[in-house]
Amino acid sequence: MLTWVIYDIVNDRQRGKSARACLQSGLVRVQKSVFLGTLADNERDELAIRLEALIDADCDSVYVFPMCRPDFAKVVLLGQAFDRRRVTDELRSLFV
């Protein structure tokens, strides 16, 4: 299932570790703190557990959003919706 991970993490080191966790899970960075990709339910749960262990729950936020393809097809992108230098052709094709 398509999965968005969006975060606001104060500590630079923890933010970097969180980004690496997302990339290692197979997600693609589409903005500085936004990742998108396809994860199985267990992969998504595993990533959420990893991220939870990295953040400070008192000041950080992480959102893990599963999204089915029909709903994803309804996504509206405005302006510079994603960093085109970071997005692969495969991922870009999802937005057409």
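Residues numbered from 1 in each chain as written. Predicted model: local features only at pLDDT ≥ 70, side-chain atom pairs only at ≥ 80, totals over all residues. Heavy atoms only, no water.

Enquirer: It is not clear to me how the nonpolar core should be interpreted in this structure. Could you clarify?
Expert: The nonpolar side chains of a soluble globular protein tend to be buried, and buried together. Residues V5, Y7, I9, A19, A21, C22, L27, F35, L39, L47, L51 and L54 constitute the largest nonpolar core, which totals 12 residues. Of all hydrophobic cores here, the second largest spans six residues; its members include L2, W4, L36 and F72. (Core = buried A, V, L, I, M, F, W, Y, C linked by side-chain atoms within 4.5 Å. Buried < 20%, exposed > 50% of the residue type's maximum accessible area, 1.4 Å probe, protein only.)

Enquirer: Just checking my understanding: could you explain the side chain of D60 for this structure?
Expert: Here D60 lies in the loop between α2 (41-54) and β4 (61-67). The side chain of D60 is buried and forms no salt bridge, while R15, the nearest opposite charge, is found at 7.0 Å. Among the polar contacts made by the side chain of D60, one reaches the main-chain amide nitrogen of V10 at a distance of 2.8 Å. (Helix = DSSP H or I, 4+ residues; strand = E, 2+ residues; numbered from the N terminus. Lys, Arg positive; Asp, Glu negative; His and termini not counted. Salt bridge = Lys/Arg side-chain N within 4 Å of Asp/Glu carboxyl O. Polar contact = N/O pair within 3.5 Å; in protein donor to acceptor, adjacent residues only side chain to side chain.)

Enquirer: Please explain helix α1 (residues 12-24) as it appears in this structure.
Expert: One full turn of an α-helix is made of 3.6 residues, so residues set three or four places apart face in the same direction. Compared with the 18 Å implied by 1.5 Å per residue over 13 residues, the 18 Å span of α1 between its first and last C-alpha is a close match. Those residues of α1 that fall on the buried side of the exposure criterion are Q14, S18, A19, A21 and C22. The buried side chains of α1 occupy one side of the element, clustering within an arc of 160° when seen end-on. In α1, the exposed residues that point more than 90 degrees away from the buried face are D12, R13 and Q24. Tucked inside the fold, the buried residues of α1 contact β1 (2-8), β2 (28-31), β3 (34-38) and α2. Once α1 ends, the next one or two residues include G26, with phi positive near 100°. (Expected span 1.5 Å × (residues − 1). Arc of directions from axis to C-beta. Contact = heavy atoms within 4.5 Å.)

Enquirer: Is there a simple way to explain the pairing of β3 in this structure?
Expert: Two faces make up the sheet, and in a regular strand the side chains alternate between them. The buried fraction of β3 is high, at four of five residues. Strand direction decides the pairing type here: β1 and β3, joined by five bridges, are antiparallel. In the sheet register, V5 faces β3, and the bridge partner there is F35. Connecting β2 to the next strand, β3, in antiparallel fashion are two residues. (Pairing = 2+ DSSP bridges.)

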